[in-house]
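Here is what each chain is made of, one letter per residue.
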Amino acid sequence: MDRRHFIKLTAISGTTAALTACGNPENQIIRFIPEDDLVPGVATWKPSICPLCAAGCGVIARVMEGDAEVFRNGKPGVIRMGLVKKLEGNPDDAISQGKLCPRGQAAIQVTYHPDRLDQPKKRSGERGGGQFADISWDEAIKELVGQLDALVAANDQASLAFLAKPRRGRRLELVADLLQRFGAKPPVTYELFSDEVLRRANSQSFGAHQLATVDLENAHYVISFGADFLGTWNSAVAQSVAYGRMRQAGPGARPKFVHVDARLTQTAANADEFVACKPGTEGLLAMAMAAVLNKTAGAGDYAPAKVAEKTGVPVEKIERLAREFAANGPSVAIVGGAPLAHTNAAFHAHAVNTLNLAANALNQSGGFSFVPQATQAATRPLTEILDAAPKLLLIDDVNPVFASPASWKVAEALKRVPFIVSFGSFVDETSALADLILPDHSFLESWVEAAPESGSAKAAPSKFGPVMRPLYDTRSTPDVLLDVSRKLAKPIAPALPNTFEEYLSAPTPEVRLKPDATSAPMARLKPDATSASMTWTEPQFDGDAAQYPYHFLPFASQALYDGSLAHLPWLQEMPDPMSSAMWCSWVEINEIKAGELGIEMGDLIEVTSTQGSVRAHAFLNPGIAPDAVAMPVGQGHTNFTRYASNRGVNPIAILAPATIAETGTLAWSATRVKIAKVGGPDKDGLILFGGATRERPDWTHGRGDEH
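The model shown is predicted, which means the values in this text are computed figures rather than measured ones.

### Side note on the overall build of the protein
Within the protein, the secondary structure is distributed over 19 helices and 24 strands. Counting over 707 residues, the protein shows a buried share of 59%. Within the protein, contacts between residues at least 6 apart in sequence are counted, and of these 74% link residues at least 24 apart. When the accessible area of the protein is evaluated, it comes to approximately 26900 Å², of which 51% is carbon and sulfur surface.

### Here we look at the confidence of the model for the protein
Of all residues in the protein, 87% attain a pLDDT of 70 or more, and the chain-wide mean is 88. The low-confidence segment residues 25–32 (pLDDT under 50) makes 40 contacts with residues lying over four places distant or belonging to another chain.

### Observations concerning helix 14 (residues 477–487)
By the criterion of burial, helix 14 is predominantly enclosed, with 8 of the 11 residues buried. Of the positions making up helix 14, those classed as buried are Thr 477, Pro 478, Val 480, Leu 481, Leu 482, Asp 483, Val 484 and Ser 485. Tucked into the core, helix 14 has its buried residues touching helix 4 (137–153), strand 6 (160–164), helix 5 (170–182) and helix 15 (500–505).

### Examining the packing of helix 5 against helix 14
At a minimum axis separation of 11 Å, helix 5 and helix 14 run at an interaxial angle of 15 degrees. By the angle between their directions, the pair helix 5 and helix 14 is classed as roughly parallel. Like other packed secondary-structure pairs, helix 5 and helix 14 cross with a definite hand, here left-handed. Contacts from Arg 171, Leu 174, Val 175 and Leu 178 in helix 5 reach Thr 477, Pro 478, Leu 481, Leu 482 and Ser 485 in helix 14.

### What to know about the sheet that holds strand 5 (residues 132–134)
Spatially, 7 strands are ordered 5-4-16-15-14-6-7 in an open sheet, and the strand pairing comes out mixed. Only two strands of the sheet have a single neighbouring strand rather than two, namely strand 5 and strand 7 (188–189). In the sheet, strand 15 (residues 419–422) pairs with strand 16 (residues 436–437) via 2 bridges, with the strands oriented parallel. Bridge pairing in strand 16 links Val 421 to Leu 436. The strands touched by helix 5 within the sheet are strand 6, strand 7 and strand 14 (392–396), with strand 6 carrying the most contacts at an inclination of about 170 degrees.

Procedures and definitions
- Numbers given for residues are sequential positions, taken from 1 along each chain in its written order.
- It should be noted that, the model being predicted, local features are given only for residues of pLDDT at least 70 and side-chain atom pairs only at 80 or more, the latter also being counted only at that level, while totals for whole chains, interfaces and linings use all residues.
- Each side-chain value is derived from all of the structure's non-hydrogen atoms; neither hydrogens nor water enter the calculation.
- Helix and strand labels come from DSSP, where a helix needs a run of H or I of at least four residues and a strand needs a run of E of at least two; each type is numbered from the N terminus.
- Three labels apply to residues, based on accessible area from a 1.4 Å probe with only protein chains included: buried if under 20% of the type maximum, exposed if over 50%, partly exposed otherwise in between.
- Residue contacts are defined here by distance: any two heavy atoms, one from each residue, within 4.5 Å place the two residues in contact.
- Calculation of accessible area relied on Shrake-Rupley with a 1.4 Å probe; when residues are assessed, cover is drawn exclusively from the protein chains displayed.
- By definition, pLDDT measures how confident the predictor is in each residue, and it falls between 0 and 100.
- For helices, the fitted axis covers only the stretch in contact; all axes are lines through C-alpha atoms, and the angles between them, taken along N-to-C directions, range from 0 to 180 degrees.
- What sets the label is the angle itself: under 35 degrees gives roughly parallel, over 145 gives roughly antiparallel, 65 to 115 gives roughly perpendicular, and the rest give oblique.
- Whether a crossing is left-handed or right-handed is set by the direction in which the near helix is turned from the far one by less than a right angle, anticlockwise for left-handed and clockwise for right-handed.
- Here the rule is simple: two strands pair whenever DSSP picks up at least two bridges between them.

Pasting the structure below:
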């Protein structure tokens, strides 16, 4: 199937959106705006912001007149209107700089998805069963207002909770404002691949509770500790653009890039040198390098000889990396991914900050800096509503039932909530538990805004109006919240604007960023000010090493990320950059270790932790450590549109409930597993686009076995 045929319009099947999986979606064409039905003419380009990750990339949408199937007041019809045909990076945006990642390209399918909810729904069956009946907006808002009025009448406003992603911006700010006026606690946020431990370390080291912008373009030496910064970590588009410019230096001046990890990621495959390091010890390597730079490497816990024993990285290599880091400045170190998901993640974050301080990389060309940010709304962790169920829960664009370990029992906790309202555009594992669904506009139909915390040396706040009129009988969630607040028996927001558009334009109590604001100078801390606040502790892994010999490395999928994008068929169809797999789950195993175990490509493997097991087909990978196995996150949904439901397995489910003590976030690298071959290859099990991983890192260091 070629791409042109892949995106052709299906029949009117989308008029009755299916709420669960049906048929074989990889063999179906995808509902889209038909090129043949577009009215000939000149296209217009309108700006917007990609919502699929926290980077806040600016996009431009190509809009042409066409006939669109729409829903108004619960009835289908056809009208002529401006329709978005294509998304591209916005050349005027400081983050995307005219570029866009595959996820951003596929964001258009959020609007035209055939399983998108077209109007408000009310639960009509057993909770979690996914059975809903259509209701009008008047009925839906009356229901929600009644629930809120009941809390006020009982003087129990604290029993209202709001659950969302921890995105920076004025949408969450509005929610926090409304909750405070109502008398409820701050919003609850949850994100599987959280960088909160790095933000906290940056706050303690540099006074900035945010992710840094790394000046890759002007760096001469870059060392990454696990950060897939060209694929899925932080502001990947901006970082890829800057990395490309860094690599364009002429012969003899080419900057060096070193990657430290236990698995060859897309970013690691671009490195000049790959350093295999035992999981959970990456910060020790950074501290040893800093000790060499500070000429204090002869003694202490971070002497290269002692660090070599822990990390498996030879003394000579540690000292050489440190000398290169010092001699080829400007140098900068980055940390992200698995090192920030161990139980001792705070140590790794502080250690890399210490290395950067030793190299004097803060606020230097080729180093890193922090963009000034407005104060962010206070939030609460997910555990607060798991431990004590609220009486009324509002859920906005987050799916913790899928994206949390089964041992957390999130679904069971949500079932104890008397009334749940979801603002989702699709039914997923979490919104299926809702009593009421009030579907949001897509980002192309809404006012959108972003205040990226990273990706540009200058602050780049932006806001844009709708690109096209709504297709369905949906409403902007911020507008719904403002509307509901005015209809309460005791209105809570008489001073708030009527719409989110007005809210974005209204002045706020604190001075927000101006587009031309530059990075504010940061207080320079002494290296020992950081190191003094941390102590090396051994990482804790769930599962006895004798019974569970492999480190389990779930990783963010280049296409599906944390599973929230699995419903977009273009991304299901996109081959993984390292394995070429698509439409499936797989287990990455070191190819030599697999040979020892009698495992061949495509064999069915059972991966077992103390928390349970999943089965997927083997992908033999020379780019993973022999004592580790890895699985992509994203598949394994039980209820998330026709394209994602009942496809593959969810590796998050078997993770141990280990957390990072400093932040309470999930330590998703702290699980050990065992593997067993339970079947042979299946022609539909491992779907590869073609090829295999050719890079073959050296695993001889500190691994026991020579591979």
